[in-house]
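# Report on the structure
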Amino acid sequence: MPRTEPIKAVRGVRDILPEERALWRVAERAAARVAHRFGYREIQTPVIEHLELIERVGEDTDAVSKELYRFEDRGGRQLALRPEATAGVVRAYFEGGLNQGPQPARLYLIGPMFRYDRPQKGRYRQFFQFNVEAIGGASPAVDVEVIELARAWLIEVGLDKLTLELNTIGDDQCRPAYLDLLRAYYRPLRDKLHKECQRRLEINPLRLLDCKVPQCQPFKSGAPKMTEHLCEPCASAWAVVRKLLDAAGIEYNLNPYLVRGLDYYTRTVFEFYPSGASGQQDALASGGRYDGLAAAESWPSTPGVGFAGGLDRVTELMASEGEEVVPEPAADVIVLPDGDLVAEAAEIARLIRVVRSASVDYEPRSLRAKMRAADKVDALWAVLFNADEAKRRVAQLRDMRSGEQREVMWSDLPELLA
Ligand code: AMP
């Protein structure tokens, strides 16, 4: 037999072990609870989509151009692992007939996303998002609704020191003329920009505004601002968003450099950061309006707005803020047969499981060793019995906290433990 190394997890992905899952569950349950409180219903879409769907909505984003997991399946189909959820949720909205129901369709999804990013702390190749989408609603009040929902979720998990960054990027009426102004401003500075920004200058100048490379920073403050070049409908939507945020008592920073580099994004963009975080740090949640997305997928033009929150980031921050989660015991009751009494132990566990979680120690070891193991798993009760007791269908019920122990009938266990 050749000796081989054990096979480890794939680079850039990780296991979330039971101890950590306790904290994750707090974040996920809060997400579902808050989403329901706002009238959003859960949806799940596949992690695989047609490559074309993902590419069409994501060209020139890093997530698609450099980081996409793409492959051919056994039937020769070109597929991708989703790098984000919105494209698939919008597809499902039309394919599932949600466009025929009440509008907007208010949807949320919690699930894994995949990006072939450079692995580092807080950046994984499989990561999890809490995704919220309101599709089929054009009112700027819905923009504020999803902002409020994102904020309520973060506060609910204890992350209440938040900074909200806000901007508008106009729409297909006012943005083209603004992009011309932006190009005209940057063209004389072209040689001073880093290489990628030089390339973007003509094809996607909005991305110059969120460039993080130091050599490009000095020129931003002089650049024309979208907010000063909005068409009338965009300007009035922008005014409503700010008015409603003020009415809700939600503070925000106007950030003219917060943009999305894709044409189908319109108007509101926002990001939540932990207060005091540097600009280089990941957002906890980011979102915005995407009125052009449905049409980019060749569906009828339909407005939408939403956000994605990063569960990996949020749970890491919860842990570092000292969020205490008492892990649940693996089982409330542990059944400890003294000797080879497998069938009897299974029968007792079956009786108990009607009212409580129960597990059995089937290992061939002494009762002493079993007791020591039981102490470690934080069970509330132990049920001990030997062959003689099994014949009489009785067992010792031990309260693991007080150490008190008494003989009971098996048939009385459900009532005693309920
Ligand atoms: P984005 O879809 O890039 O706007 O990101 C939305 C959320 O997902 C942010 O809160 C990020 O923290 C999180 N996120 C994005 N990429 C990753 C990654 N590679 N690993 C972990 N979290 C991520």
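What you see as residue numbers is a count from 1 along each chain, following the sequence as written. pLDDT decides what is reported in this predicted model: residues at 70 or higher carry local features, side-chain atom pairs at 80 or more are listed and counted, and totals for whole chains, interfaces and linings draw on all residues regardless. Note that the side-chain values use all heavy atoms of the structure and ignore hydrogens as well as water.

## Considerations on the overall build of the chain
Only runs of H or I of at least four residues qualify as helices and only runs of E of at least two qualify as strands under DSSP, and these elements are numbered from the N terminus. The helix and strand inventory of the chain stands at 14 helices and 16 strands. The globule rule used here is 2.2 Å times the number of residues to the 0.38 power, and the radius of gyration it is set against is calculated over C-alpha atoms. Radius of gyration (C-alpha) of the chain: 28 Å, far over the 22 Å computed for a compact globule of 418 residues. In terms of principal-axis extent, the alpha carbons of the chain reach across some 90 × 60 × 45 Å. Buried positions account for 49% of the 418 residues belonging to the chain. The contact definition used throughout considers only heavy atoms, calling two residues in contact when any of these lie within 4.5 Å. Look at the contacts in the chain between residues 6 or more apart in sequence, and 68% of them connect residues 24 or more apart. Looking at the chain, you have 57 positive and 63 negative side-chain charges, and the mean spots of the two groups are 3 Å apart. Think of it in three bands: residues with accessible area under 20% of the maximum for their type are buried, residues over 50% are exposed, and the middle band is partly exposed, with areas taken using a 1.4 Å probe on protein chains only. When charges are counted, Lys and Arg contribute as positive and Asp and Glu as negative, whereas His and the chain ends are disregarded. Where a charge sits is defined by one atom per residue type, namely NZ (Lys), CZ (Arg), CG (Asp) or CD (Glu).

## Section: the domain arrangement of the chain
Interfaces are often sized by the accessible area lost when the parts come together. Parsing the chain into structural domains produces domain 1 (18–174 + 230–320) and domain 2 (333–417). Boundary definitions for the domains trace back to an automatic or database domain assignment. Just the C-alpha atoms count here: the centres of domain 1 and domain 2 sit 49 Å apart.

## Details of the sheet that holds strand β6 (residues 126–135)
Pairing in this open sheet of eight strands is mixed, and the strands run β1-β5-β6-β11-β10-β9-β7-β8 from one edge to the other. On the outer flanks of this sheet lie β1 (41–42) and β8 (253–254), each paired with one strand and no other. Between any two strands, pairing holds if DSSP finds at least two bridges. Pairing analysis gives two bridges linking strand β7 (residues 162–168) to β8, with the strands arranged parallel. Within the sheet, the bridge partner assigned to glutamate 165 lies in β8 and is asparagine 253.

## Focus: the packing of aromatic side chains
Aromatic pairing here means that ring centres of Phe, Tyr or Trp (its six-membered ring) are within 6.5 Å. Orientation follows from the plane angle: under 30 degrees is stacked, over 60 is edge-to-face, and everything else is tilted. Counted by the stated rule, this structure contains 11 aromatic pairs. Here tyrosine 69 and tyrosine 116 contribute two aromatic rings whose centre-to-centre distance is 5.6 Å and whose plane-to-plane angle is 75°, an arrangement assigned as edge-to-face. In this pair, tyrosine 69 is assigned in the loop between α3 (62–65) and β3 (70–72) and tyrosine 116 in the loop between β5 (105–114) and β6, connecting sequence segments 47 residues apart. Among the residues examined, tyrosine 116 registers a relative accessible area of 44% and is labelled partly exposed. When the centroid spacing of 4.9 Å and the interplanar angle of 5° are considered together, the rings of phenylalanine 94 and tryptophan 299 count as stacked.

## Some words on the nonpolar core
Generally speaking, a soluble globular protein has its nonpolar side chains buried in company with each other. As used here, the term nonpolar core means buried Ala, Val, Leu, Ile, Met, Phe, Trp, Tyr and Cys residues forming a set that is joined through side-chain atoms within 4.5 Å. By size, the foremost hydrophobic cluster in this structure holds 95 residues, and its most contacted members are Tyr40, Phe130, Trp153, Tyr186 and Phe307. The biggest single contributor to this core is helix α5 (residues 140–156), with nine residues. Once residues lying within four places of it in the same chain are set aside, the contact partners of phenylalanine 307 are Phe130, Asn131, Val132, Val146, Leu149, Ala150, Phe270, Ala285, Ser286 and Gly287.

## Structural notes on the sheet that holds strand β12 (residues 333–337)
Backbone-to-backbone hydrogen bonds join strands into a sheet, with any given pair of strands oriented parallel or antiparallel. On the basis of which strands lie adjacent, the open sheet formed by five strands has the order β13-β12-β14-β15-β16 and mixed pairing. Sheet topology places β13 (358–360) and β16 (405–409) at the edges, where each strand pairs with a single neighbour. With direction set aside, neighbouring strand axes in the sheet form an average angle of 25°. By the bridge criterion, four bridges tie strand β14 (residues 381–385) to strand β15 (residues 394–399) in an arrangement that is antiparallel. Opposite valine 383, over in β15, you have leucine 397 as the bridge partner. Set on the sheet, helix α11 (residues 342–352) makes contact with β12, β13 and β14; between it and β12 the angle comes to about 160°. Between N-to-C directions, angles span 0 to 180 degrees; the directions come from axes that are lines fitted to C-alpha atoms, helices contributing only their stretch in contact.

## What to know about the side chain of glutamate 133
As for its position among the elements, glutamate 133 is in strand β6. Put simply, glutamate 133 is tucked away with no salt bridge, and the nearest opposite charge, on arginine 289, sits 10.0 Å away. In protein, a polar contact requires one atom able to donate a hydrogen and another able to accept it; more generally it is a pair of N or O atoms within 3.5 Å, and residues adjacent in sequence count only if both atoms are side-chain atoms. Within the structure, the side chain of glutamate 133 is placed 3.3 Å from the side chain of asparagine 131, a separation counted as a polar contact. In contact with glutamate 133, not counting residues within four places along its chain, are Tyr40, Thr86, Val89, Ala105, Arg106, Leu107, Tyr290, Val305 and Gly306. By definition, a salt bridge exists where a carboxyl oxygen of Asp or Glu is found within 4 Å of a side-chain nitrogen of Lys or Arg.

## Some words on helix α6 (residues 175–186)
A helix is expected to span 1.5 Å for every residue after the first. For α6, spanning 12 residues, the distance from its first C-alpha to its last is 16 Å, which sits close to the expected 16 Å at 1.5 Å a residue. Listed in full, the buried residues belonging to α6 are Arg175, Tyr178, Leu179, Leu182, Arg183 and Tyr186. For α6, the angular spread of the buried residues around the axis is 145°, confining them to a single face. Looking at the buried side of α6, the elements it contacts are α7 (195–203) and β9 (266–274). In this context, the arc is that of the directions from the helix axis out to the C-beta atoms.

## Quick word on the environment of arginine 33
The topology assignment puts arginine 33 in helix α1 (residues 18–37). Once the C-alpha coordinates of arginine 33 and arginine 353 are considered, the two residues, 320 residues apart in sequence, prove to be 28 Å apart.

## Re the packing of α5 against helix α8 (residues 232–247)
Relative orientation of the contacting elements α5 and α8 amounts to 40°, with a least axis distance of 8 Å. The orientation of α5 with respect to α8, classified from their angle, is oblique. Taken as a pair, α5 and α8 cross one another with a handedness that is right-handed. Residues Pro140, Ala141, Asp143, Val144 and Ile147 of α5 pack against Ala237, Val240, Val241, Leu244 and Leu245 of α8. Throughout, the term roughly parallel applies to angles under 35 degrees, roughly antiparallel to angles over 145, roughly perpendicular to angles from 65 to 115, and oblique to all others. Helix crossings fall into two classes, left-handed where the near helix is turned counterclockwise from the far one by less than a right angle and right-handed where it is turned clockwise.

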